[in-house]
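Residues per chain are reported as follows:
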Amino acid sequence: MKSFAYVSARDVPTAVSAIAGSPNAKFLGGGTNLVDLMRGNIEQPDTIVDITRLPLTGVDLLPDGGVRIGALVRNSHLAAHPLIRSRYPVLSQAILLGASAQLRNMATVGGNLLQRTRCLYFYDTAAACNKRAPGSGCDAIGGFNRNHAILGVSDNCLATHPSDMCVALAMLDATVEVESTRGVRRIPMNEFHVLPGDTPHVETSLAADELVTAVELPSVAVAANSRYRKVRDRASYAFALVSVAAALEVTGTTVTQVRLALGGVSAKPWRATKAEEVLLGAPATEESFRQAAAAELAAATARPGNEFKIGLAERTIVAVLRELVTKGDAA
Amino acid sequence: MTTTVATQGGIGTNAQRPDGALKARGEFAYSSDLWHEDMVWGVTLRSPHPYARITSIDITEALRVPGVQAVLTHEDVPGTNIYGLEHPDQPVLAEDVVRYQGEPVALVAADHPETARRAMKRIEVAYEVLPPVVNTEDAAHGRAEPLHPNGNVVRHVKVRHGPQDVRADVVVTGEYEVGMQDQAFLGPESGLAVPADDGSVDLYIATQWLHADQRQIAVALGLPPEKVRLTLSGVGGAFGGREDLSMQVHACMLALRTGKPVKMVYNREESFYGHVHRHPARMYYEHGATRNGKIVYVKARIYLDGGAYASSTGAVVANAATLGVGPYDVPSVTVDCWGVYTNNPPCGAMRGFGAVQAAFAYESQMDRLADAVGLDPVEVRIRNAMSEGAVMPTGQVVDSPAPVVELLTLVRDKPLPAKGNDLTDMPGGVSNTTHGEGVVRGVGYGVSIKNVGFSDSFDDYSTVRVRLSVIGGQAVASVHTAAVEVGQGLVTVLQQITRTELGVDVVTIEPMDTSIGDAGSTSASRQTYVTGGALRAACAAVRAALFERIGHTDLPLDHDKIVEVLGTDVIDEVVEWRHRPTYRLDPETGQGNAHVQYAFAAHRAVVDVDVELGLVKVVELVCAQDVGKAINPEAVLGQIQGGTAQGLGLAVMEEIQLADGKIRNPSFTDYLIPTVLDMPPMVIDVLERPDPHAPYGLRGVGEPPTISSTPAIVAAIRAATGMALTRVPVRPEHITETS
Ligand SMILES: Cc1cc2nc3c(=O)[nH]c(=O)nc-3n(C[C@H](O)[C@H](O)[C@H](O)COP(=O)(O)OP(=O)(O)OC[C@H]3O[C@@H](n4cnc5c(N)ncnc54)[C@H](O)[C@@H]3O)c2cc1C
Ligand code: SF4
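No experiment lies behind these values; they were computed from the predicted model shown. (Residues numbered from 1 in each chain as written. Chains lettered and ligands numbered in written order. Predicted model: local features only at pLDDT ≥ 70, side-chain atom pairs only at ≥ 80, totals over all residues.)

So, about the overall build of chain A. When its secondary structure is counted, chain A shows 13 helices and 12 strands. Relative to the compact-globule value of 20 Å for 331 residues, chain A shows a C-alpha radius of gyration of 20 Å, a close match. Along the longest, intermediate and shortest principal axes, the C-alpha atoms of chain A span 60 × 50 × 35 Å. In chain A, buried positions account for 55% of the 331 residues. At a minimum sequence separation of 6, the contacts of chain A that also span at least 24 residues come to 64%. (Helix = DSSP H or I, 4+ residues; strand = E, 2+ residues; numbered from the N terminus. Rg over C-alpha atoms; globule rule 2.2 N^0.38 Å. Buried ≥ 20, exposed ≤ 12 C-beta atoms within 10 Å, placed from the backbone. Contact = placed C-beta atoms within 7 Å.)

If you want it as structure tokens, here you go:
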């Protein structure tokens with residue numbers, strides 16, 4: 001690990017000016033991702049700005065019925081919060097299916113948004129990786145890429161964003177609030193993470209000196225009938241091969257509202273807008289679900305190692321929708 | 001450290017483990033807890049390349065780092081820079097070539113581990129990278145560049161039994177593959193070397209075989225063995241992965257050079273590079289049978305990837321070959337098994353030792369045969385099952401109970417579990433992947449055979465010293481041996497045997513070290529048998545000495561009698577004990593009485609498979625195993641559960657992912673081992689059919705359950721899905737056929 005300076009910030013202005021002053025600085029949330037990366041010399045910040053004492057730990061109901069979540073709320077706290085459990089069960093489920101209880105106790109909302117890929121070559125400093133060392137190449141392309149992306153990939157990078165929480169946030173149309181010495185910005189969740197293109201080392205639209213202060217969830221009535229499914233190699237404590245966050249409203253036999261997002265398939269939580277278009281107004285049948293899933297995955301590109309994810313994603317989408325119909329009927 | 005326990009309990013009881021409570025409370029001192037005033041820290045620079053020529057090593061910059069005490073390369077190896085468990089072929093530190101990713105190249109000692117790591121990064125090694133040899137079959141058949149002077153075949157074992165080239169009415173063939181499994185012990189490699197003024201060294205280390213380590217270290221250090229003293233430190237699991245040297249020589253070299261105690265601890269990633277793994281296998285099988293399902297012949301070609309250095313590949317090959325048709329009567333056997341060098345990570349001992357790979361293939365074949373002749377999978381196994389008196393493919397007669405039919409019947413006849421309705425009972429578990437829709441149930445069987453102890457003419461023995469004395473009015477027996485406790489419960493078993501043999505309650509197990517003779521490795525399911533046998537003999541010698549004092553021999557011994565007879569005397573007996581000899585396999589025919597004992601286990605697996613998503617939930621595992629005599633019944637259950645879980649891991653998730661010789665997943669985030677949510681409840685039957693040749697009639701316990709659980713689980717998944725599934729671990733994409 002490289003030596004670094006340590007700064008602890010007690011309020012937001014101190015935090016953002018600390019980082020503005022040092023070009024190669026990083027915020028420290030729960031540290032469950034950053035510290036691992038520093039140990040492996042993948043991240044080598046000169047300065048660490050510890051933000052765990054910032055007063056950004058509230059989960060509050062907004063006047064418009066939405067919910068505002070402070071960036072330093074711990075993952076376990078958020079998953080257990082009554083407002084989340086009752087209004088956005090999908091978010092609570094997604095968080096609880098990620099990592100382990102110990103990690104969730106440490107991990108923060110901001111850190112979860114900004115956690116980095118689990119690409120095995122990204123972690124191996126001897127491997128070529130455009131994300132870690134821009135321009136060095138991508139060993140995953142001809143190598144072991146079973147866990148890699150199938151949507152929105154480029155010839156420079158196939159990495160996925162590993163978060164479960166973010167898939168639910170994308171489905172819920174969350175907004176990320178960020179702050180720097182230049183002021184406050186609000187970034188729609190769908191624009192927060194960016195596709196690799198020619199610059200896989202750029203993962204979000206956040207500037208280096210910006211602090212995530214909060215995530216806001218709009219009021220989403222359909223979220224009451226929502227579900228997160230995660231397909232993985234082991235029953236607990238493993239990253240998603242594919243995951244699906246979905247919410248569905250069926251009136252009579254017609255889909256009247258639908259939201260769908262996929263995890264484990266792209267460098268960002270993948271909002272499945274094509275599938276949503278196919279579904280909206282369509283009959284709530286297995287047939288429509290299949291068509292919707294196929295429409296979304298038509299643009300998928302896979303390598304021999306991760307080809308299975310296309311079919312897996314399709315079947316998982318269908319299975320979740322099917323379940324939401326049954327559940328919606330019962331409710 | 002001396003453990004003294006006054007628990008009651010001789011053999012056949014569930015005597016309490018002396019280390020149990022400490023381990024449960026987190027107070028047990030593992031080797032990673034070792035500490036010495038004034039110690040420095042050692043680290044290892046390893047090759048990033050699977051195959052490369054080293055053109056230069058420059059340590060100048062590393063030596064300049066403040067706090068660095070020594071930087072060593074192959075030039076500093078004081079003795080012979082070559083070692084190996086069975087066959088010396090591995091350098092202590094690489095000279096002009098590296099043959100696997102992770103091969104040690106240089107060592108650094110510094111006053112802080114971080115300083116040592118930073119200095120290590122300043123060592124400049126120039127490599128000329130070469131294309132790695134990774135194809136096992138090419139390596140076996142001379143189609144790859146030779147990586148060692150004698151070519152790439154470490155060993156080729158041929159077994160020719162009965163008439164060759166026979167024909168049969170029903171023929172089933174198959175090609176099977178087993179991925180590379182890791183022992184995944186929880187306590188990474190660690191040790192502490194302490195130099196002495198006379199140029200000798202003491203090494204405190206977590207290992208499986210103190211004397212084999214000592215012999216190899218002494219040669220590498222150029223010291224007589226008595227100048228290299230080893231003491232066992234707390235071992236956090238082994239499973240074969242500690243049978244070869246890791247840091248042993250390195251720590252001693254650094255200690256002798258710096259004159260200071262040197263501690264080395266691998267982290268999890270380094271541990272993946274620091275020990276051997278289970279041989280990946282590719283296997284081609286052909287079974288010929290009658291229309292009634294009686295096997296007529298088995299032909300097999302088995303390729304085991306030994307990786308860069310021999311380790312125990314030779315013995316693993318012999319096991320896979322001689323046990324390659326399973327616990328069945330087969331009149332005609334033609335097996336060829338190769339173990340080869342490649343530039344993959346070295347492979348060697350892991351629980352099941354060659355029998356695991358073969359069992360996946362022969363049990364898969366038995367299911368194919370059952371299908372082909374229209375029989376139930378248990379029925380076809382029963383029709384072919386061996387029994388006492390059977391002749392092995394090596395010509396060896398099985399001269400102790402072989403209750404294969406009984407084991408199969410026991411697991412078959414257990415009631416089947418009901419369908420679960422809790423989420424944790426479902427494939428995908430709490431991941432919410434299904435609530436029962438698309439879920440198909442399957443049932444599968446597996447049965448295994450494993451040799452116990454060292455084979456193939458190896459002089460397999462153990463040494464035990466027992467001292468009987470009276471301390472404060474209490475008779476106390478102390479047991480000294482170099483047989484190591486790796487977590488399996490040997491210390492408990494030694495106490496139990498001593499209590500039974502001598503009638504004393506208080507049995508002290510002395511630290512395990514090399515100040516006494518060799519006890520052999522804690523592997524091959526052998527310590528209760530061999531060191532247990534030696535201890536029984538040592539106790540008999542102590543008893544004889546006592547009786548001599550009394551003057552007659554027909555008294556039952558009890559505590560008060562011992563105290564009265566012994567007074568202030570001490571009886572001290574050392575015994576070296578060996579089991580029946582084994583013999584070399586004939587190199588052309590593989591014939592010979594190569595094994596001393598066989599052990600058997602059978603499993604039934606019940607799985608629920610989400611066929612849409614390819615997820616498997618193992619719902620229940622039933623196991624029946626013959627242990628001859630359960631010295632500690634609860635410890636036996638623990639071995640069966642643990643072994644079964646390791647087999648489950650191989651069946652559905654555990655694999656070291658290799659790409660061009662490089663390990664892609666050297667972490668427990670990416671190398672998945674089963675958690676409690678993956679491991680189902682077990683129903684276990686323990687049979688006790690005594691082996692008349694073994695102490696107390698016992699049989700080795702640790703390995704058989706690992707062997708049969710994998711094929712049983714895969715058979716169950718096949719039954720649920722109708723898929724062929726010829727490779728383990730089985731992954732979702734294999735079940736959904738999307739890859
Ligand atoms: C073994 C293991 C298994 C895991 N499994 C899963 C899983 O199954 N699913 C899943 O979703 N996740 C999983 N995770 C990842 C886990 O969710 C993340 O590590 C965690 O959410 C990161 O949060 P943190 O607060 O610890 O972030 P940190 O490690 O503190 O920070 C991560 C990054 O975010 C930046 N950062 C933190 N807070 C802010 C902020 N407020 N503003 C701007 N930048 C910020 C940091 O500078 C750093 O770059 C796993 C992690 C581990 C170690
Ligand atoms: S996929 Fe992306 S993260 Fe992985 S090696 Fe390629 S560039 Fe790096």
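All names here are of chain B. With 97% of its residues at a pLDDT of at least 70, chain B reaches an overall mean of 95. pLDDT under 50 marks residues 1-7. Its contacts with residues more than four places away, or in other chains, come to 15 contacts. Taken over the whole predicted complex, pTM reads 0.94, whereas the ipTM for its chain interfaces reads 0.90. (pLDDT = per-residue confidence, 0-100.)

Looking now at the sheet that holds strand β5 (residues 97-98) of chain B. Residues and elements named next belong to chain B. Spatial ordering of the open sheet is given by β5-β3-β7, a layout of 3 strands whose pairing is antiparallel. Only two strands of the sheet have a single partner each, and these edge strands are β5 and β7 (124-129). With 2 bridges connecting them, strand β3 (residues 52-58) and β5 associate as antiparallel partners. What sits directly across from R53, in β5, is V97. (Pairing = 2+ DSSP bridges.)

To continue, consider the nonpolar core. Ranked by size, the top nonpolar core spans 345 residues in total, and within it B:V108 and B:C252 carry the most contacts. Beyond its immediate chain neighbours, meaning those up to four positions away, B:C252 contacts B:A193, B:V201, B:L203, B:I217, B:L221 and B:V228. (Core = buried A, V, L, I, M, F, W, Y, C linked by C-beta atoms within 7 Å.)

Turning our attention to the packing of helix α9 (residues 355-373) of chain B against helix α16 (residues 704-721) of chain B. Residue and element names in this part refer to chain B. At their nearest, the axes of α9 and α16 sit 9 Å apart, and the two run at 35° to each other. Between α9 and α16 the crossing geometry is right-handed. Between α9 and α16, the contacting residues are A355, V356, A359, F360, E363, S364 and D367 on the first element and T706, I707, S708, T710, P711, A715 and R718 on the second. Of the residues that constitute the contact of α9 with α16, the class distribution is 7 nonpolar, 4 polar and 3 charged. (Axes fitted to C-alpha atoms, helices over the stretch in contact; angles between N-to-C directions. Left-handed = near helix turned anticlockwise from the far one by under 90°. Nonpolar A, V, L, I, M, F, W, Y, C, P; charged D, E, K, R; others polar.)

What follows is about the environment of B:G151. Residue and element names in this part refer to chain B. Checked against the element boundaries, G151 lands in the loop between α4 (136-140) and β8 (153-161). Judged by C-beta crowding, with 14 C-beta atoms within 10 Å, G151 ranks as partly exposed. In sequence terms G151 and V340 are 189 residues apart; their C-alpha atoms lie 8.9 Å from each other. Contacts of G151, omitting those with residues within four sequence positions, involve G142 and P146.

Near ligand 1, the surroundings consist of 31 residues, among which A:G29, A:G30, A:G98, A:G110 and A:G111 are the closest. Around ligand 1 the close residues trace back to chains A and B. Among the secondary structure elements, those contributing two or more residues to the shell around ligand 1 are β2 (25-28), α6 (101-106), α7 (109-114) and β8 (211-217) of chain A. The element that contributes the greatest number of residues to the shell around ligand 1 is α7(A), accounting for 4 residues. (Near = placed C-beta within 6 Å.)

Attention now moves to the environment of A:A128. Residue and element names in this part refer to chain A. Within the secondary structure, A128 is located in the loop between α7 and α8 (139-142). C-beta crowding within 10 Å serves as the criterion here: with 16 such atoms nearby, A128 is assigned to the partly exposed category. Once the C-alpha coordinates of A128 and A284 are considered, the two residues, 156 residues apart in sequence, prove to be 46 Å apart.

Moving on: the sheet that holds strand β5 (residues 67-70) of chain A. Residue and element names in this part refer to chain A. Strand order across the open sheet formed by 5 strands is β4-β5-β8-β6-β7, with antiparallel pairing between neighbours. One side of each edge strand has no neighbouring strand; the edge strands of this open sheet are β4 (59-61) and β7 (183-188). Across the sheet, the mean angle from the axis of one strand to that of its neighbour is 25°, orientation sign disregarded. As paired strands, β5 and β8 are joined by 4 bridges and run antiparallel to one another. Its bridge partner being in β8, R68 is matched across the sheet by E216.

Take the domain arrangement of chain A next. Per the domain assignment, the segments of chain A are domain 1 (1-53) and domain 2 (225-330). Taking the mean C-alpha position of each, domain 1 of chain A and domain 2 of chain A sit 37 Å from one another. (Domains from an automatic or database assignment.)

Attention now goes to the UniProt feature "domain: FAD-binding PCMH-type" (unreviewed entry) in chain A. What UniProt calls "domain: FAD-binding PCMH-type" (unreviewed entry) maps, in this numbering, to residues 1-222 of chain A. Its end C-alpha atoms 47 Å apart, residues 1-222 of chain A is made of 28% helix and 17% strand. (UniProt positions renumbered as here; feature names shortened; annotations may be inferred.)

Before going further, it helps to examine the pairing of β7(A). The buried fraction of β7(A) amounts to 0 of the 6 residues, a small share that puts the element mostly on the outside. Taken together, strand β6 (residues 175-180) of chain A and the strand that follows it, β7(A), pair antiparallel across an intervening segment of 2 residues.

With that settled, the discussion passes to helix α12 (residues 490-502) of chain B. Note that an α-helix has 3.6 residues per turn; residues three or four places apart therefore point the same way. Residues and elements named next belong to chain B. With 13 residues, α12 should cover 18 Å at 1.5 Å per step; its first-to-last C-alpha distance of 18 Å lies within 8% of that length. Burial analysis of α12 places 12 of its 13 residues in the buried class, which makes it a mostly covered element. Taken together, the buried positions of α12 are occupied by L490, V491, T492, V493, L494, Q495, Q496, I497, T498, R499, E501 and L502. Positive phi appears at G503, one or two residues downstream of α12, with a value of about 70°. (Expected span 1.5 Å × (residues − 1).)

Our next topic: the UniProt feature "domain: Aldehyde oxidase/xanthine dehydrogenase a/b hammerhead" (unreviewed entry) in chain B. Here, the residues flagged by UniProt with the feature "domain: Aldehyde oxidase/xanthine dehydrogenase a/b hammerhead" (unreviewed entry) are residues 25-131 of chain B. The distance from the first to the last C-alpha atom of residues 25-131 of chain B is 49 Å, and the span holds 14% helix and 32% strand.

Okay, the domain arrangement of chain B next. Residue and element names in this part refer to chain B. We note that the domain assignment places domain 1 (3-31 + 461-578), domain 2 (34-131 + 187-237 + 242-274) and domain 3 (281-455 + 586-735) within chain B. Counting residues at the interface gives 20 residues for domain 1 and 22 residues for domain 3. Residue assignment for the side of domain 1 that touches domain 3 shows that the elements contributing at least two residues are α12 and α13 (527-550). Broken down by class, the residue content of the side of domain 1 that touches domain 3 amounts to 6 nonpolar, 12 polar and 2 charged.

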